[in-house]
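# Chain and residue survey
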Amino acid sequence: MAVATAETPAKSQPDRKHNIEAMRQDYYARIAERGMKPLWTVMSSLIPDEPVSRAAPALWHFGDVKSLVMESGGLITAEEAKRRVLILENPALRGESRVTNSLFAGIQMIMPGEVAPAHRHASSAIRFVLDGEGAYTAVEGEKAFMSPGDFVITANWAPHDHGNTSDKPMIWLDVLDVPAVNFFETSFAEDFDTPTQATTREDGDSLSFYGSGVLPDGAPAINRTPIINYTYARTRPIVERLMHAGDIDKSHGARVRYANPINGGPVLPTMGANLAMLPKGFRGEPYRSTDGTIFVCAEGEGSTDVDGDVLEWGPNDVFVVPSWKRYAHKASKQSVLFSISDRPAQEALGLWRERR
Ligand SMILES: [Fe+2]
């Protein structure tokens, strides 16, 4: 056995080539003590060649959601909870209160006679009404009474409260840009002293004033829509007419984009939404885009293949397609799909991409 001596060091110690990994690890440990890390060890995960979503495809059946959210009606009042909402947690992001990487989604229920008290926050919110009739959202002085399929906007810092003057529970999908706002660490919120805000406008005023091809003279240019409620009664006949006119996208069906009538842009700077009608027997071509998207089946029945995961949907089911996952819709009945994503925020930053 060779014994290292002062005269034979080169034979007993590994040369630089064979010892380089140990030298690197020693170096990494020393720079870590000074709060640094080598970029070359994390480069490929930090800057992947294509988007890699942390989120998973997922679907919530309305039958399950409804019975569970109804059960919460006996456990806590809307006033006590402030908002009686069950968060839709993406199964790959449990505990993070998000359904995509940038968006929160929840199912809210308000019982007859209840009030969800007035507040405001930096996060923008939308509601897509699933079940019930006649509860209201009061936003910026307008009390919008809601019906299934209505799409209601509560912009950044707009005071809002909800009440149910009907005799049935009302259930809707809430989507908020909370994870995006918290990413920027820009969340502010406040409650008001009175549970309901004074309203000065009639139900439907904002849709009539701004959503009819004319604008109030001198309407200020703002980067989000002044319309409170894009009613299903107004929007559904448009997608139906579009479908009958043959204007059917090969991936999305006969689809319209909810627009800010002031500038034609998205309804909110952080979130944009669409409504699409798929003819019976529709077989959509595969599509992908960088905006993780939440879908609601407003009517009909079908399925969406998301990179091999098949999500079977029916009325009021909610499902999510993560960023850059290839998906294709099929409709076994004539169907209407609502969808919402963070596409406007990505477009504003020059990041949004799609591939067909
Ligand atoms: Fe709110």
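Position labels on residues start from 1 in each chain and follow its written sequence. Reporting in this predicted model follows two pLDDT cut-offs: at least 70 for local features of residues, and 80 or more for side-chain atom pairs to be given and counted; totals over whole chains, interfaces and linings ignore these cut-offs and use all residues. Here the side-chain values reflect all heavy atoms present in the structure, with hydrogen atoms and water set aside.

## Quick notes on unusual backbone geometry
Backbone geometry at E140 places phi at a positive 50°, although glycine is not the residue there. Only DSSP runs of H or I covering at least 4 residues are called helices, and only runs of E covering at least 2 are called strands; the numbering of each starts at the N terminus. When you line up the elements, E140 lands in the loop between β6 (135-139) and β7 (142-145). On the accessibility criterion, E140 (33% relative accessible area) is partly exposed. Despite not being glycine, W324 has its phi angle at roughly 70°, a positive value. Among the structural elements, W324 can be located in the loop between β19 (318-321) and β20 (327-331). Relative accessibility thresholds used throughout: buried, under 20% of the residue-type maximum; exposed, over 50%; partly exposed, between the two (1.4 Å probe, protein chains only).

## Brief notes about the coordination of the iron ion
Taken together, the protein ligands of the iron ion are H119 (NE2), H121 (NE2) and H160 (NE2), with distances of 2.1 to 2.2 Å. Think of the donor list as every N, O and S atom within 2.8 Å of the metal, or within 3.2 Å for Na, K and Ca; water never makes the list, so a site can look incomplete. Of note, the iron ion draws all its donor residues from one chain, in the sequence arrangement H-x1-H-x38-H. Residue H121 is located in strand β4 (residues 115-121), and its partner H160 is located in strand β9 (residues 160-164); the two are separated by 39 residues in the primary sequence. We note that H121, like H160, is buried.

## Examining the nonpolar core
Within soluble globular proteins, side chains that are nonpolar tend to cluster in buried spots. Each nonpolar core is a collection of buried residues, namely Ala, Val, Leu, Ile, Met, Phe, Trp, Tyr and Cys, held together in the definition by side-chain atoms within 4.5 Å. In this structure, I107, I126, F151, L173, V175, I294 and F338 are the most contacted members of the largest nonpolar core, which totals 45 residues. Contacts are assigned to residue pairs that have any heavy atoms within 4.5 Å of one another. Residue contacts for V175: discarding those within four places in its chain leaves L103, F104, A105, S124, A125, I126, M271, I294 and I340.

## Things to note about the packing of aromatic side chains
Any two of the Phe, Tyr and Trp rings considered here, Trp counted by its six-membered ring, make a pair once their centres fall within 6.5 Å; the pair's planes then place it as stacked at under 30 degrees, edge-to-face at over 60, or tilted in between. All told, the structure shown has 14 aromatic pairs when counted by the stated rule. Each ring, one from F151 and one from Y258, has its centre 4.4 Å from the other, and the planes form 50°; the classification is tilted. Here F151, found in strand β8 (residues 151-154), pairs with Y258, found in the loop between β13 (254-257) and β14 (272-278); they are 107 residues apart in sequence, far enough to count as distant. The exposure classification of F151 matches that of Y258, with both residues buried. Whether a charge sits over a ring depends on NZ of Lys or CZ of Arg being within 6 Å of the ring centre and within 35 degrees of the ring normal. The ring of Y136 is capped by K143, whose NZ or CZ atom sits 4.4 Å from the centre of that ring. The ring of W352 carries the charged tip of R343 above its face, separated from the ring centre by 3.7 Å.

## A word on the environment of S102
Take S102: it is sitting in the loop between β2 (85-87) and β3 (104-110). Placed 209 residues apart in sequence, S102 and L311 show a C-alpha to C-alpha distance of 21 Å. The contacts of S102, once residues within four sequence positions are left out, are L176, D177, P179, A180 and D342.

## Points about a nonpolar patch on the surface
Put simply, a patch holds well-exposed residues, over 30% relative accessible area, that have no salt bridge, with like charges counted together within 9 Å and Val, Leu, Ile, Met, Phe, Trp or Tyr side chains within 5 Å. Throughout, the Shrake-Rupley method with a 1.4 Å probe supplies accessible areas, and for residues the shown protein chains are the sole cover considered. By convention in these notes, a salt bridge is any Lys or Arg side-chain nitrogen within 4 Å of a carboxyl oxygen on Asp or Glu. On the surface, a nonpolar cluster with roughly 400 Å² of combined accessible area is contributed by L39, M43, L46 and I47. Relative to the assigned elements, M43 resides in helix α3 (residues 43-46).

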